[in-house]
Amino acid sequence: MQTLRNECRAVWSARSLVWVLTLREVAARHAGTAVGILWPYLQPLLTVAAYYLVFDVVFSMRLGNGAPTHAVGTFLVVGALPWMAFCDAVSRGMNSLIEAGGMLQKNPLPPVLFTTRAVLASGVIFGPLLLLVALVYTPLHGFRVAMLAMGPLLVLQLLLSLLIGYLLAILAAALRDTVQIVGFLLSVGIYLTPILFPLTMFPENWRWVLWLNPMTALVIGYQQVLLLGAWPPLSVWVAGSVWLLVVAAALSVVVKRSRDQLVDWL
């Protein structure tokens, strides 16, 4: 893991530059729009509001026994917003090195800075939205100590998105097909996460398939906190930690082997 530690030190040493690049990245997302800085926040908010309006208000659909809540729209919002945050961070992180190829060829900057910038920009947008949803859901169970688990869950998701984004960014630089493959996996991944349905509705013999999705543990954690006001079970933290370690190990190997060729690939 020495290689990965060196990458972390590079980000920390250039933290001021990373923050400036992150703010520019956020500003670029709403450049030329009439709504301005509100637009990146309005898009996901309008999407989850549509879920609530259609499923809870218009059709009044309900989930069966064993679900954390019976209101379908209320259930969907808790998983859909973190999933949108994950997809946005991973997609932008994956494309970050390709987009910064010209700059990396002219300036000897650590490539990890550009992936970090892309993922942090997504965090700046979706982080406040997730906290806002947590505040809105508080009346369901009152403010309990379990609400404090939102902090570690958000940090875990940010770290996981950063590691996966950087890993995919290097793979995409080496093989452009990575972008198409990952794009497809993200589009179908929502069906392999307990977002559209509770975990209890999935066939028990096949539930292990859901744990192959790195967001399954986090989604279950958000559901426990926001819908039930309960602290996430141990399985959430174990699965999340295992994913972090596995991706970190893979990233360390990939970074070490691609160090001398990365700029040429770009």
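Residues numbered from 1 in each chain as written. Predicted model: local features only at pLDDT ≥ 70, side-chain atom pairs only at ≥ 80, totals over all residues. Heavy atoms only, no water.

Novice: What's the story with helix α2 (residues 15-29) in this structure? I'm lost.
Specialist: Side chains three or four residues apart in an α-helix point the same way, a direct result of the helix having 3.6 residues per turn. The terminal C-alpha atoms of α2, which comprises 15 residues, lie 21 Å apart, in line with the 21 Å expected from a rise of 1.5 Å per residue. Of the residues making up α2, those classed as buried are Val18, Leu21, Thr22, Glu25, Val26 and Arg29. For α2, the arc enclosing every buried residue in end-on projection is 140°, short of the 170-degree limit, so these residues lie on one face. Exposed positions of α2 whose direction lies more than 90 degrees from the buried face are Ser16, Arg24 and Ala28. Tucked inside the fold, the buried residues of α2 contact α1 (2-13), α3 (39-58), α4 (72-99) and α6 (112-137). (Helix = DSSP H or I, 4+ residues; strand = E, 2+ residues; numbered from the N terminus. Expected span 1.5 Å × (residues − 1). Buried < 20%, exposed > 50% of the residue type's maximum accessible area, 1.4 Å probe, protein only. Arc of directions from axis to C-beta. Contact = heavy atoms within 4.5 Å.)

Novice: What am I meant to see in the environment of Arg92 here?
Specialist: Its place among the elements puts Arg92 in helix α4. The residues touching Arg92, leaving out its near neighbours within four places in the chain, are Glu25, Arg29, Ala118 and Ser122.

Novice: Can you walk me through the pattern of salt bridges in this structure?
Specialist: Two side chains of opposite charge can pair, provided their charged atoms sit close to one another. Taken as a whole and assessed by the stated rule, the structure comprises 2 salt bridges. Between Arg117 and Glu25 there is a salt bridge; the shortest N-O distance is 3.7 Å. Here Arg117, found in helix α6, pairs with Glu25, found in helix α2; they are 92 residues apart in sequence, far enough to count as distant. The exposure class assigned to Glu25 is buried, which follows from its relative accessible area of 15%. We note a salt bridge from Arg92 to Asp88, for which the minimum N-O separation is 2.9 Å. With a gap of 4 residues between them, Arg92 and Asp88 both fall in helix α4, about one helical turn apart. (Salt bridge = Lys/Arg side-chain N within 4 Å of Asp/Glu carboxyl O.)

Novice: So what exactly am I meant to see when it comes to the side chain of Ser96 here?
Specialist: Along the chain, Ser96 turns up in helix α4. The exposure class of Ser96 is buried, given its relative accessible area of 1%. In terms of polar contacts, Ser96 uses its side chain to reach the backbone carbonyl oxygen of Gly93, at 2.6 Å. Beyond its immediate sequence surroundings of up to four residues, Ser96 is in contact with Phe114, Thr115, Ala118 and Ala169. (Polar contact = N/O pair within 3.5 Å; in protein donor to acceptor, adjacent residues only side chain to side chain.)

Novice: Help me out: how do you make sense of helix α11 (residues 234-258) in this one?
Specialist: For α11, spanning 25 residues, the distance from its first C-alpha to its last is 36 Å, which sits close to the expected 36 Å at 1.5 Å a residue. Turning to α11, its buried residues are Val236, Ala239, Gly240, Leu244, Val247, Ala248, Leu251, Ser252, Val254, Val255 and Ser258. Close packing links the buried residues of α11 with α1, α7 (150-174), α10 (215-228) and α12 (262-265).

Novice: Got a minute to help me understand the side chain of Gln223 in this structure?
Specialist: Position of Gln223 among the secondary structure elements: in helix α10. By relative accessible area, which is 5% here, Gln223 ends up buried. Polar contacts involving the side chain of Gln223 include one to the main-chain carbonyl oxygen of Pro194, which spans 2.7 Å. Ignoring sequence-local partners within four residues, the contact set of Gln223 consists of Phe75, Val78, Pro194 and Leu228.

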